[in-house]
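# Observations on the three-dimensional arrangement
Each chain, letter by letter, is given below.
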Number of protein chains: 4
Amino acid sequence: MTHPALIMTESSNALPPLGRIPPNVFCAADYEIMARRFIAPPSHAYIAGGCGRDGTLAANRQVFQYREILPRLLRDLSAGHTRLDLLGHRLPHPIMLAPVAYQQLVHPLAEIETARAAAATDTCMVLSTLSSRTLEEVAQHAGVDRWFQLYFQPTRNATVDLLQRAKSAGYRAIMVTLDTAIKAPSLGALQAGFTMPPDVTAVNLSAYPVPGAKILERGESRIFQGMMREAPSWDDLAWLLKQTNLPVIVKGVMHPADAQRFQAMGVAAQVVSNHGGRSLDGAPASLSVLPRIRAAVGPDYPLLFDSGIRSGSDIFKALASGADAVMIGRLQVYALAVAGALGVAHMLKLLREEFEVCMAQAGCATLSEIGPGMLFSENSEAGTC
Amino acid sequence: MTHPALIMTESSNALPPLGRIPPNVFCAADYEIMARRFIAPPSHAYIAGGCGRDGTLAANRQVFQYREILPRLLRDLSAGHTRLDLLGHRLPHPIMLAPVAYQQLVHPLAEIETARAAAATDTCMVLSTLSSRTLEEVAQHAGVDRWFQLYFQPTRNATVDLLQRAKSAGYRAIMVTLDTAIKAPSLGALQAGFTMPPDVTAVNLSAYPVPGAKILERGESRIFQGMMREAPSWDDLAWLLKQTNLPVIVKGVMHPADAQRFQAMGVAAQVVSNHGGRSLDGAPASLSVLPRIRAAVGPDYPLLFDSGIRSGSDIFKALASGADAVMIGRLQVYALAVAGALGVAHMLKLLREEFEVCMAQAGCATLSEIGPGMLFSENSEAGTC
Amino acid sequence: MTHPALIMTESSNALPPLGRIPPNVFCAADYEIMARRFIAPPSHAYIAGGCGRDGTLAANRQVFQYREILPRLLRDLSAGHTRLDLLGHRLPHPIMLAPVAYQQLVHPLAEIETARAAAATDTCMVLSTLSSRTLEEVAQHAGVDRWFQLYFQPTRNATVDLLQRAKSAGYRAIMVTLDTAIKAPSLGALQAGFTMPPDVTAVNLSAYPVPGAKILERGESRIFQGMMREAPSWDDLAWLLKQTNLPVIVKGVMHPADAQRFQAMGVAAQVVSNHGGRSLDGAPASLSVLPRIRAAVGPDYPLLFDSGIRSGSDIFKALASGADAVMIGRLQVYALAVAGALGVAHMLKLLREEFEVCMAQAGCATLSEIGPGMLFSENSEAGTC
Amino acid sequence: MTHPALIMTESSNALPPLGRIPPNVFCAADYEIMARRFIAPPSHAYIAGGCGRDGTLAANRQVFQYREILPRLLRDLSAGHTRLDLLGHRLPHPIMLAPVAYQQLVHPLAEIETARAAAATDTCMVLSTLSSRTLEEVAQHAGVDRWFQLYFQPTRNATVDLLQRAKSAGYRAIMVTLDTAIKAPSLGALQAGFTMPPDVTAVNLSAYPVPGAKILERGESRIFQGMMREAPSWDDLAWLLKQTNLPVIVKGVMHPADAQRFQAMGVAAQVVSNHGGRSLDGAPASLSVLPRIRAAVGPDYPLLFDSGIRSGSDIFKALASGADAVMIGRLQVYALAVAGALGVAHMLKLLREEFEVCMAQAGCATLSEIGPGMLFSENSEAGTC
């Protein structure tokens, strides 16, 4: 019997996922091009789009072009490697799979395939609260380096339950996303007529109560007194930190002052991210603010990065700009749509080799040698010896 | 019987205004796209165009892209609102309807529909001297926050009469436009063959005498000794301030020195504006000069802004750059053309929500929290904590 | 009998010049668009092109976009005018006709028509050494403000003879062009197959001897020992200054050090010009270097400007950047091609009114009020009061 | 009998090389346009492409546009020339033929034709280790100024043998390329399906042993422990310097610190180059780093330059930015493909004359007069006297 999700995509003129690595994929970013044929147009608009008029989405990509890498010659790289220690664990490389919701949109096996790819490539995977498969089921297929992305739930009981389930299922860290209390919609997805298919649901949350809608009084704002009434607060975060002994990472940091406050209150790590341009249209590129946030938290505090990475040289630029590791969002979905676990694993392997080639050309044998001095700009001090 | 203006537009292959909010309008700026089908091409060229080769028109839009907004996290916005006090009145939000002449060009009921939309959305409307309907008639449909835009008339008697009529009809402020003593024509409108239809007239002025044309002597300039002979002077403005006890606002300020002189002589507020790019082709974007004008007049003096706003994030950027409130010109006309009062009201509701979403994402609960520190640029100090 | 030049252009699918001002010309620059139909494509490539890959040609236009004009309000302009004193003569306006060679390429009456337009509009005309009609014939049709552009001739006798003929024919100044000792060819003109028609000749020079070609020895450069052997030197210029009591102006100055040396040796005025992008592809825009040259020669020394002007606001920007007057090259040819003397006169009238409108909007009643403070740029001090 | 390479290109719809200089070549860069018809599309993708997404390839060209040349007037250039002394030899001009591998891809006679063009135009040619014809055969056709480009070989014996053969064949300098220990592939060439034809081989290396592939152990990186294990080291370079008394030049320098270390260890000259954008996609343009490298090595140390030159004005800009001479890569191949030795010689002649015209316009009689002061930029000090 054909799987329902396959029928959906077929009827939308989208190809089902391949059972092999396609020819003509020469770099990780080729999956972005190829995925157009494997994802139904409305879903593609939703996945590829940012929010509003996609200004921040475009900025996320553009700024990478303005960071240039200075090659170095004759360095001894025979002992080179990409290992790092992060939150008490040794990772073989700094490329992580970002939490991406509702992966059933592009593959019937959804996050299970992604987890298999993570395991096969020694990649740390961050599972979304809004996964299409339960966190328990996904855990059975992932490698040991698996983290859980948390959205604050309407009730603290539900939030605590998620934390406990994640810990029981072997997730090693909690990444709480804070930049989606309110989001501008993607105009492209609206124009494409995207709606979430009824069979794609947040299965992790199915047992939790759904609160009734707030009735606004006259003069109240649908935004401030409506949507934002549910928004998490600094108190909520402080409470969360007490509910788990897993390291807590916050995701969505774009302002140095916020970063310093998170650091001071005991947050274990932070993700500099504008949610891939999906939250505030008009926000700067994540890469643009990264150096200021690194400056604000000091050299030793763990910073992750996402938004806009499509190649190994992008990863190098993010690390040179202050990140310790990066997370891959859209390429993960694109590769999943094209060829399931095989696609995601292949994409990760390509990214890692592109990154290693870039390290070798910049003369860096280890991640710790990657720094702002490797980047060139017309006005920078880098490259002035 | 079909209304004459409808016949005109129909014969021009333009659709008549809808009696409902159209589907597929997802943001305020969508009215700009949709309006192309509801406005006859020559009128559209006149309305959408600026002047000359539209360089300033383009700059007005472009500069918004170079201002980026820094998101903030976890702020308590449950008491958030958009209220402001302006010229002694409490306004529920800082979005005003700019004075736009001859609205019968796009809708048979013209400013009456606009006034109805203003009333329905608690929006302050500024009625143009050159309205297609009399200021008295429009006043019956507008909300309490209605202001009157004044052009100096050829005779002081006519100007005084307009002031008195406006006050009698309940207009609460006088906004005198100073940047149109001379204007470069819109080459686009000329090329499109636009002429004002004979039934679209400045009904407010029909009772006033029209002065004879000035006969130039040999060697005199058609510009300096012709058109500019009628131009208002500083003395005229000083005289005007004595003719009314309503607050007087000047519109069209682009130079800090002018702003300081207006402030010193008792002008109640100023509109930083290049007339939507319709006056001097080659002038900077209004947004470019706004911070310098705010610096010149100090933090507490009321400044309004127009030229180029198409979204709530544009409003946020204008306020962060020094404005207390903004005026909406072209989107007003576009929404009026598409769906009359319903369209204008819908457009205003969308703009306001877009703005509130932006405030929420920037962590601003009130307008007073919006400032230059919310904006990011590669070289700015914002975001450096 | 049909004029030979008309036959030539007709056979090239180019329209003959009109006997009237064409409709649909709304600004001076419209002649540039319209001229495409009145000039044979190879000639158009030659006239419109610059040199090399037209990089400097493009720069000449682009930089005007980056100079913005700050509007001023309520200034008394009733005594406004555009008069200036230049080299001892009073000119009614600062717009001059640049020397343009071989005008028979676009009109059978060539420079005679141009001269008529100059006379009709009180415009100072600079006649090229390489005019298609003799300087004596053209003088009969020009106004009193006529200058003669000089190319150094292979023999000093010929140069002296030209000087004397120009003075006898009432030309009031000598403008010696120095930037064409060697020029990069226009690749566009070469690709279009342009060659000078045999009936278009430098009639002013027909009586002078033509020197034999230099035979290069082995190892000599066709450039240095060939073409540049004939190039004028500082000594030649010093000699020239002694041959005439007319004011001598040098044309083609782009470097402040050259400007200072010319000033010190008694040159009466200078033209900041890169020859409309026709000399060195890769040179800066003339407007880019103008402020530095003004700074080098001090505020009172006469500087003219050409290269890139297409509108009255361009003229304003050139004057605000340091020029006392401007010369119009390509628009002159385009208007001549479209409608002969009528076209050139109409183009000049449009330019002048566009310029006066710009002055009025910037609040400048006289040329002396136009200065760098009227220009705005994001980083400039202008507009900071 | 038709030559095999010709059959290959004919079957690919590519034209065979012409036996004459084609009409319609008006500048050296025209060979780039024309070559598209003479090179099979996959080979063209390989030759024209850079690496990765060709970002550095594009930057190499773009930066030339941002360097502008200030014209000077009335300089005496009658003794002008382009001679220079380089590594103890007098060269008639500073334009060299860069080492380009596998020229049989575009011409059946390959490097023999290139050598003939070099001899005919007094051009110093640098022959690639990977030439399609043996270094001994090519030497018979080249002029006296011939250098040999060296890739370190897997065994020191092979490297020494190459050095000795080069010296015996009269090559006057050794240029060792250091930036290709690892290269990002050209995605364009991969997409075009390019593979090296079997009859195009590195004939100079046919007698040397090929080492077996390294077997990676678990956890080892294909990049670091694989490809980079063979990479040359500083020790290798020190060893190389002792193996020959010919001057040794290193090629591929992009960082000032590397440049200083090479200079200190006795390297005779360096080539600032990013390998024409073929090594690290994301590296700066070679021209961008050139001034910093000149500053690092001091004014008298010999620096060559390649990457992006297409015209004489590009050569001028490179010399003004710090180079003593330049090398021409792609234009060499394009001209070879179009018309063999005639094409290459014609291209070199055009380049040289374009360069001399540029020198003349900038008022430089000798190479030593070309310096940063000839370049203009909005913010530079050049042109400020």
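Below you will find a few notes about this structure. (Residues numbered from 1 in each chain as written. Chains lettered and ligands numbered in written order. Predicted model: local features only at pLDDT ≥ 70, side-chain atom pairs only at ≥ 80, totals over all residues. Heavy atoms only, no water.)

## Section: the overall build of chain A
Applied cut-off: The way it works is that DSSP assigns letters per residue, a run of H or I at least four long becomes a helix, a run of E at least two long becomes a strand, and they are numbered from the N terminus. Both definitions apply: the radius of gyration is a C-alpha atom measure, and the globule rule equals 2.2 Å times residues to the power 0.38. In this description, contact between two residues means that some pair of their heavy atoms is separated by no more than 4.5 Å. All tallies of charge rest on Lys and Arg as positive and Asp and Glu as negative; His and the ends of each chain are not included. For this purpose, a charge sits on NZ of Lys, CZ of Arg, CG of Asp or CD of Glu.
In terms of regular secondary structure, chain A is built from 14 helices and 12 strands. Rg of the C-alpha trace for chain A: 20 Å, near the compact-globule value of 21 Å for 385 residues, within the 12% margin. Considering only contacts in chain A between residues 6 or more positions apart, those separated by 24 or more positions represent 73%. Taken together, the 33 basic and 33 acidic charged side chains of chain A have centroids lying 2 Å from each other.

## Description of unusual backbone geometry
Residue and element names in this part refer to chain D. The backbone phi angle of Leu74 is positive, close to 65 degrees, even though this residue is not glycine. Its place among the elements puts Leu74 in the loop between β1 (68-69) and β2 (84-86). Positioned with a positive phi, Tyr102 is a non-glycine residue whose angle comes to about 55 degrees. Tracing the sequence through the fold places Tyr102 in the loop between β4 (95-97) and α5 (111-120).

## With respect to the interface of chain A and chain D
The figure often quoted for interface size is the accessible area lost as the parts come together. Going by this rule: Joining two parts hides part of their accessible area as seen by a 1.4 Å probe, and the buried area is that hidden amount summed over both. The term salt bridge refers to a side-chain nitrogen of Lys or Arg lying within 4 Å of a carboxyl oxygen of Asp or Glu.
The partner chain D presents 41 residues to the 39 residues of chain A that form the contact. Between chain A and chain D the total buried area reaches about 3,300 Å² when both faces are included, carbon and sulfur atoms providing 61% of it. Our count for the chain A to chain D interface comes out at three salt bridges. The closest approach of N and O atoms between D:Arg222 and A:Glu353, which form a salt bridge, is 2.4 Å.

## Quick look at the side chain of D:Ser279
So the rule is basically this: Relative accessibility thresholds used throughout: buried, under 20% of the residue-type maximum; exposed, over 50%; partly exposed, between the two (1.4 Å probe, protein chains only).
As for its placement among the helices and strands, D:Ser279 is situated in the loop between β9 (269-272) and α12 (286-297). For D:Ser279, a relative accessible area of 6% gives the class buried. Excluding residues within four positions of it along the chain, D:Ser279 makes contact with A:Gln361, D:Cys51, D:Asp179, D:Ile182, D:Lys183, D:Ala184 and D:Asn274.

## As for the interface of chain B and chain C
Our working rule: Polar contact is defined as a pair of N or O atoms within 3.5 Å, subject to the rule that within protein one atom must be able to donate a hydrogen and the other to accept it, and that residues adjacent in sequence are counted only when both atoms are side-chain atoms.
Counting from both sides, the interface comprises 41 residues of chain B and, opposite them, 39 residues of chain C. With both sides pooled, the region where chain B packs onto chain C buries about 3,300 Å², and carbon together with sulfur makes up 61% of that total. Per-residue buried area on chain B facing chain C is highest for B:Phe224, B:Leu280 and B:Arg292; these three make up 23% of the total on that side. Inspection of the chain B/chain C interface yields 11 residue pairs in polar contact (both at pLDDT 80 or more). Elements with a minimum of two residues in the side of chain B that touches chain C: α8 (187-191), α9 (222-226), α10 (234-243), β8 (248-253), α11 (256-264) and α12 (286-297) of chain B.

## Remarks on the relation of the copies chain B and chain C
Heads up, the rule is: The superposition of copies rests on a least-squares fit of C-alpha positions from residues with pLDDT of 70 or more in both.
After a rotation of 90 degrees and a shift along the axis of 0.0 Å, chain B superposes on chain C with an RMSD of 0.0 Å. Within this description, the copies of the chain are treated as partners about a four-fold rotation axis. Different-surface contact between copies: only 2% of interface residues of chain B are shared with the interface of chain C.

## A word on helix α10 (residues 234-243) of chain C
Spacing of three or four residues puts side chains on the same side of an α-helix, whose turn is 3.6 residues. Every buried residue of α10(C) is accounted for by C:Trp234, C:Asp236, C:Leu237, C:Trp239 and C:Leu240. Structurally, the start of α10(C) carries an N-cap: the backbone nitrogen of C:Asp235 is 3.3 Å from a side-chain oxygen of C:Ser233.

## Concerning the relation of the copies chain A and chain D
Of the two same-sequence chains, chain A is brought onto chain D (RMSD 0.0 Å, axial shift 0.0 Å) by a rotation of 90 degrees. Interface residue correspondence from chain A to chain D reaches only 3%, placing this contact among heterologous pairings that use different surfaces.

## Considerations on the nonpolar core
For soluble globular proteins, nonpolar side chains are generally found buried alongside one another. Note the threshold: We define the nonpolar core as a collection of buried residues of types Ala, Val, Leu, Ile, Met, Phe, Trp, Tyr and Cys that are connected through side-chain atoms lying within 4.5 Å of one another.
Residues B:Trp147, B:Phe262, B:Phe305, B:Phe316 and B:Met347 are the most contacted members of the largest nonpolar core, which totals 134 residues. The element that contributes the greatest number of residues to this core is helix α14 (residues 330-361) of chain B, accounting for 20 residues.

## Comments concerning the packing of aromatic side chains
For any pair of aromatic rings, the description rests on two quantities: the centre-to-centre distance and the angle between the ring planes. Threshold: The aromatic pairing rule takes the rings of Phe, Tyr and Trp, using the six-membered ring of Trp, and pairs them if the centres are within 6.5 Å, calling planes under 30 degrees apart stacked, those over 60 edge-to-face and the rest tilted. A ring is considered to have a charge above it if a Lys NZ or an Arg CZ atom is located within 6 Å of its centre and within 35 degrees of its normal.
Under the criterion given, the structure shown has 16 aromatic pairs over all chains. Look at A:Phe148 and A:Tyr171: their rings are 5.9 Å apart centre to centre, the planes differ by 65 degrees, and that puts the pair in the edge-to-face class. Of this pair, A:Phe148 sits in strand β6 (residues 146-150) while A:Tyr171 sits in the loop between α7 (156-168) and β7 (174-177), and the two are 23 residues apart along the sequence. Judged by relative accessible area, A:Phe148 falls into the buried class, the value being 0%. Residue A:Tyr171 is classed as buried on the basis of its relative accessible area of 3%. Geometry around B:Tyr171 places B:Arg146 over its ring, the cationic atom sitting 5.6 Å from the centre.

## Section: helix α13 (residues 312-320) of chain C
Residue and element names in this part refer to chain C. With nine of its nine residues buried, α13 lies for the most part within the structure. Inspection of α13 places Gly312, Ser313, Asp314, Ile315, Phe316, Lys317, Ala318, Leu319 and Ala320 among the buried residues, and these make up the whole buried set. Once α13 ends, the next one or two residues include Gly322, with phi positive near 130 degrees.

## Structural notes on the pairing of β8(B)
Residue and element names in this part refer to chain B. Stated precisely, the cut-off is as follows: Should DSSP find at least two bridges between two strands, the strands are taken to pair.
Within β8, six of the six residues are buried, which leaves the element mostly enclosed by the surrounding structure. In this structure, strand β7 (residues 174-177) lies alongside β8, joined through four bridges in parallel fashion. Looking across to β8, one finds that Thr177 is bridged to Lys251. In this sheet, strand β9 (residues 269-272) lies alongside β8 in parallel orientation, the contact comprising four bridges.

## A few points about the environment of C:Gln149
All names here are of chain C. Among the secondary structure elements, Gln149 is positioned in strand β6 (residues 146-150). By relative accessible area, which is 1% here, Gln149 ends up buried. The contacts of Gln149, once residues within four sequence positions are left out, are Pro99, Val126, Leu127, Ser128, Thr129, Met175 and Thr177. Within the structure, Gln149 has its side chain in polar contact with the side chain of Ser128 (distance 3.5 Å). A polar contact of 2.8 Å, which involves the side chain of Gln149, links it to the side chain of Thr177.

## Some words on the environment of D:Leu109
Tracing the sequence through the fold places D:Leu109 in the loop between β4 and α5. Excluding anything up to four places from it in sequence, D:Leu109 contacts D:Arg116 and D:Arg133.

## What about the packing of helix α11 (residues 256-264) of chain A against helix α12 (residues 286-297) of chain A?
All names here are of chain A. Filter applied, for reference: For helices, the fitted line uses only the C-alpha atoms of the stretch in contact; every axis is such a line through C-alpha atoms, and the angle between N-to-C directions lies from 0 to 180 degrees. By the definition used in this description, the sense in which the near helix is turned from the far one sets the handedness, with an anticlockwise turn below a right angle giving left-handed and a clockwise turn giving right-handed. Amino acids are sorted into nonpolar (Ala, Val, Leu, Ile, Met, Phe, Trp, Tyr, Cys and Pro), charged (Asp, Glu, Lys and Arg) and polar (every other residue, Gly among them).
The N-to-C vectors of α11 and α12 enclose an angle of 35 degrees; their axes lie 9 Å apart at closest approach. The way α11 lies across α12 gives a crossing that is right-handed. Touching Pro256, Ala259, Gln260 and Gln263 of α11 are Arg292, Ile293, Ala296 and Val297, all from α12. The residue inventory of the contact of α11 with α12, partitioned by class, reads five nonpolar, two polar and one charged.

## Here's the deal with the packing of α5(D) against helix α14 (residues 330-361) of chain D
Residues and elements named next belong to chain D. Short version of the rule: Angular relationships are summarised with four words: roughly parallel below 35 degrees, roughly antiparallel beyond 145, roughly perpendicular across 65 to 115, and oblique for the angles in between.
Between α5 and α14, the least distance of the axes is 7 Å, while the angle of their chain directions is 20 degrees. Relative to α14, the element α5 lies roughly parallel. Between α5 and α14 lies a crossing whose hand is left-handed. Here Glu113, Thr114, Arg116 and Ala117 of α5 lie close against α14, whose contacting residues are Gln332, Leu336, Gly340, Ala341, Val344, Ala345 and Leu348. The residue makeup of the contact of α5 with α14, split by class, is six nonpolar, three polar and two charged.

## Some thoughts on the side chain of A:His93
Residues and elements named next belong to chain A. If you trace the backbone, His93 turns up in the loop between β3 (89-91) and β4 (95-97). Of the polar contacts made by the side chain of His93, one reaches the backbone nitrogen of Ile95; its length is 3.2 Å. For His93, the side chain forms a polar contact with the main-chain oxygen of Asp122, separated by 3.2 Å. Filtering out sequence-adjacent residues up to four positions away, His93 remains in contact with Thr82, Leu84, Thr121, Asp122, Thr123 and Arg352.

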